[in-house]
Every structure is written in C-alpha cells, then in structure tokens.
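Geometric and topological summary
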Amino acid sequence: MKRQSVNKSLCYNPQETSSASAAPAPGSLLNPDVLEEIFLNLPAYQVVCCCRLVCRQWKEVADRESFWTEKCRREGYQKSDASKQPKDWRLFYFLCKKRRNLLKNPRGEDGLNGWEIKANGGDRWAIQDIRKPLPDETVKTNFVTSFAWCIKSQLIDLEKEGYSPSFIDCFQPDIRISEWYSPLSTFSCRYVICVELLNLRKKPIQKFSPETVHITGGPEQWKQMTHVFQNYGSGVRFVRFTHGGVDSLFWKGWYGIRIADCCVEIFPNSTVQYLKSTRSKTSFVPFYMTPIRPKVPFKEAGKRVCLFFITAYTVATRVLVGAMKRRCRTRKVMGGTPSSRSASGESAANSAFPSNEESFPVPLEVLEEIFLNVPHHQVVRNCRSVCHQWREVADSESLWRERCRREGYHLHDASKIPQDWRLFYFLCKKRRNLLKNTRAENKLSGWTITKTGGDHWKIEKCMVPHPNEAVKKNFVTSFAMCMKMQLIDLEKEGYSPSFMDDFQPSIRISDWYAPRWDCGSEYTISVELLDHKKKVIESFSPELIFFPQWNDQQWNQMVYIFQNYGPGVRYVRFSHGGKDTQFWAGWYGIRVTDSCVEICPAVDT
C-alpha cells in the first residue's frame, strides 16, 4: 500500500502561498510553531545569523514578535514598566542580554587598574575595605580620596564593547550611569562627577556634570548618584566617566570622599524604536546581526554549523514523528468495531505515518560528511536515534574509519585491522595516562608513600637526558627501600563497568628507570587489576632488577600489556620503587620517572 502524504495540520505547505510549480523551500516540511519551538532552544545569535538566512519561512519565524516575547519570558527579561510595550522585542531581548557594566574595575578590587589618574593630590588615591555595607553586599572595597584633589577617569569605546555606530545612531538606547559615594563619619568633604558622551573626534555631544556636592559632617551613609542619557542624537562613539573628591579639612591621610560601585550601562527602555539616522548614509545593520568573525579556523566554524544543523534537524524530526504517532494512536482508538479498529488502525499507522527517511530525505554521502563534522558524542547519542537510515550511517564502518584517518588515529601495525572501528576510534580518543604527576613536576603530589626508608624519596633533575625530551625530573630512592603507589578508579576515569566487562580493552603499563653510574641499585614494580572489593584479578610483578656499581646509568623501559583479563576489573593499582645496594647516605638509589597506565586499542599495543 502506498504511503499517504504528511498530515497538513502538522506540516507547513509552501504551495498554499506560492505557485504549484515552485520548489519547496528548505525546512518547509516543518510547521512554523514546531520551528519556533526549535529556535527557542537554540542560541539567539544562531537564530539571527544562521537560521533566518535559510529560507523565507525560517526568516518569518525568526522575526516573529511572539518568538522574541517568549524568549524574553523564558530567560527572565521583564519590563520595568508593564504599561509600556517594546516596539521591537528582538531589540529588547538583545539589549537585556548584553546589558552589563562597561566600566573596568568599578569596585577597586584590582587596585587602580583600568583607571586614568587625572589628579593625585595629598596622599593620593587609596583602596580600603568598606566600613559600612552598601545595599549590594557583594561590594567589599572602595576608592578613598585625600586632603588634595583626587580625580580619575575612564574612556569607554562603545564599538569595542559591541555596540556598532549604526546601532547607536539608529536606536539611541538609554545610557545609564550610577555611582555610590559616602563621607567618613563626621568629616567634611567634597565630591564631583562628570560623564560625557563624545563623538568620533572625542568632542562632547551631551554632558552630565552636576554641581560639586559638599558634605559638612553627618552620619556615614552611602548615597547614589544616577542619571540616564536619552534622545542624545546621532554620532555618539565614546563615553568618558570622570569622578573624584577631596577632604575639606586638609587632614593628612585618607579622610576624603569614598566612592564605590561605579556603573555605565546600555539598557532598554520599554519604548525603544527605530530612529532614522540623519548623518549615516550607510544602511543600518543591528549589532546582533553584524558578521561574526570567529576566533577559530574556518574549518572549525563549519563544524559548528553542521552541529547546529544536526541539532535542529534531530529535534524537528522527533517532534514531528511524535506528533504523528499520537495522531495514529488517536485514530486507532476512535475507530469503529474492535476488529475494524485493529485493521483500520494498523493500516492507518502504516499509511499515514511516513518513515523519517521519506519525510527528511538526505543522500547517504551527504549525511556521512555531515556526521564527520559533528562531535562524536552527538553522532552516537543523538543522530543515530533519529531514524533507521541515520542509525545505519552512524554505525557504518566507513564513517569511523574515515574519522580515524582525519583525526590522525593510525594503526600501529597495518596488517592488523580492527574488528570494530568505532571502538578503535573512541579508545584512541580517550587514550591518556591515567596516573597523576608521573614526572615529579608537583613533587610527590598524587602518590601514596608505602615505604620511605633511608633518607626518604627525593625529586632531582635527570642526570642523563631522557628519551622524551619533555621529561626533566625524576624520583630518587635512598639506601633503604622506598615504595610509592597510585590507585586508579576506572569508572571515575570514564570507563564504565559494563564497558570494561564487555570489551576488556588492553591495559598498557610502562615505567622508565635508571641507576646511578657510581652506585649499585635495585628496582621493583607491581601492577594489579582489582575488582570492586579491591581483590586481585590479575597482576604483573616481575623479579627484582639489579644494577652493579660502575654502570652506564642509561634509561630503561618496563612495558607490559594486560589482555583477556575477564570481567570485574574496576581498579588498577600501580606500585614501584627501589633502593641503592651500597647503603650510602643520601640519594644514590634507583631513579624512576614518566610512569604510565593507559587503556588503548588492542591493535595498537
């Protein structure tokens, strides 16, 4: 029986609004409400910079007022005045999203960093702890002036802060300044503030410069100075913030005005609207639509776009398929007699429920190339659960073999081919040294000392260059046995019990050791695979290795691979050590460094 077309109530039909001969736009199978829900779960900049460029339907959804209203509601951006409605909810959202203090170091937590000192009289500016708490309890320090004028300022470049000239000229958003100031107990002082909006040549367009505030004693109480710039016209490119004060009694020390928590921020009023620029002849481009210049290579940016495609595609498929399944179940329940319900319900499910491959056709070669540019965990966890076709591609040997080739995971022996390329890839991807501090860079941190005879363990620089030039230090033993150990919890390292039991990957251990040329020494090592009760399942404990006095003191490597060790392995215990055989005071025993325990593919061991 032929499959019927997708239900019109669930899918968008572009032919209703265009000619029958026009080709359907990308994504036109998706209902606009489903598409809006997908967009609500994507980053806002992806919706504006990517999604709205796909097709006309996606652009209409991305520009919907209802979409940005809901996005504001979900992210908690509320209007301060409920009676005033924004004329552009998208602008309101992005202004709320980008709202932040544009001043650097406004609380003095980083000394005077970020500030330009204009006047530094008396005993100069100082930073002190807050004597009386501010309404914002997170403010712990403040700036303090002295017995001569202390003035400092900051110049804010709005374009560098992400607000383009065309945006500032066209929308003229509110620029709010605020600052807290307080005298010291009953001391008299003066306080000044001046904030200027400057053009490209740094000439003032608008200024806020209230009269000097004279405080002639009184309680030590914080006061706030606030002002909002509105309708300031076009041309604003910089904001210059200047403030300071002086102690009126000219007492040596820091008895002048105290200043804390300065702020300059651009924020939405609820009536923001588009204003035609009288100066700029260029077309307006909002700051949230300016081209993104990624700090990553173009290839990496392409991978992110593929990831976005997969995310949207997967969510859309699951939503649509889920809705169609519910309709099929409803149709089955609403049928006539039990026999007719079973027959008609089954036929309805088979006829009205198209496969994902038919609803979302993508050539296999294209799909595989997309998967190759999507993070591996997304391919396994999300992509392969979309439909049968996607699962086949996600499980294909060619996909994982090509992925290994592109990421540089090569076979150690070309004659041995992995039976499972996906397992080979993930083991290569996760392959790392499970031991901590193996080169003595953090002294004995991470190691448990089980024996510390003679003059104990010591850290020294390598007497003879190590084959790995990155190794610069080693552990040194003394004239009595010195042993240290690490216990590796495989589950905490990301290897689940089921994975260890089912696949039993190879566990490779290695250790570098060297004697001192003028003193005999001995070296010992023991590695054990343990179950959840820390009982031994399998172990590697070779005989003691002895070095005579007057040897070549060259580095030697101990290597062993655990294979086919059976189920139940949960821990690995690594122990090694040694001593010198001449019983000389000091550190003349065996030297060990660059120990390693790693889980690796069997064909690469």
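Here, the structure is the one placed above.
Residues numbered from 1 in each chain as written. Predicted model: local features only at pLDDT ≥ 70, side-chain atom pairs only at ≥ 80, totals over all residues. Heavy atoms only, no water.

Taken together, five strands build an open sheet; the order of strands is 2-3-11-5-9 and the sheet is antiparallel. With partners counted over all chains shown, the strands left at the sheet margins are strand 2 (126-129) and strand 9 (223-229), one partner each. Within this sheet the neighbouring strands show an average axis-to-axis angle of 35°, counted without direction. The pairing of strand 2 with strand 3 (residues 141-144) spans four bridges and is classified as antiparallel. Across the sheet, the residue bridging to Ile127 is Phe143, located in strand 3. (Pairing = 2+ DSSP bridges. Helix = DSSP H or I, 4+ residues; strand = E, 2+ residues; numbered from the N terminus. Axes fitted to C-alpha atoms, helices over the stretch in contact; angles between N-to-C directions.)

In this section: helix 1 (residues 32-40). Extensive coverage of helix 1 is indicated by the burial of seven of its nine residues. Listing the buried residues of helix 1 in full gives Pro32, Val34, Leu35, Glu36, Ile38, Phe39 and Leu40. (Buried < 20%, exposed > 50% of the residue type's maximum accessible area, 1.4 Å probe, protein only.)

Moving on, we come to the packing of helix 12 (residues 388-395) against helix 13 (residues 397-406). Packing of helix 12 against helix 13 brings their axes to within 5 Å, and their N-to-C directions diverge by 45°. One element, helix 12, and the other, helix 13, form an angle in the oblique class. In this structure, helix 12 contributes Val393, Ala394 and Asp395 to the contact, and helix 13 contributes Glu397, Leu399 and Trp400. Of the residues belonging to the contact of helix 12 with helix 13, the class tally is four nonpolar, no polar and two charged. (Parallel < 35°, antiparallel > 145°, perpendicular 65-115°, else oblique. Contact = heavy atoms within 4.5 Å. Nonpolar A, V, L, I, M, F, W, Y, C, P; charged D, E, K, R; others polar.)

A few words now on the environment of Arg99. Mapped onto the fold, Arg99 is located in the loop between helix 5 (89-98) and strand 1 (116-120). Residue Arg99 is classed as partly exposed on the basis of its relative accessible area, which comes to 39%. For the pair Arg99 and Phe267, spaced 168 residues apart in the sequence, the C-alpha separation amounts to 5.7 Å. Those residues in contact with Arg99 that sit more than four places away from it in its chain are Glu265, Ile266 and Phe267.

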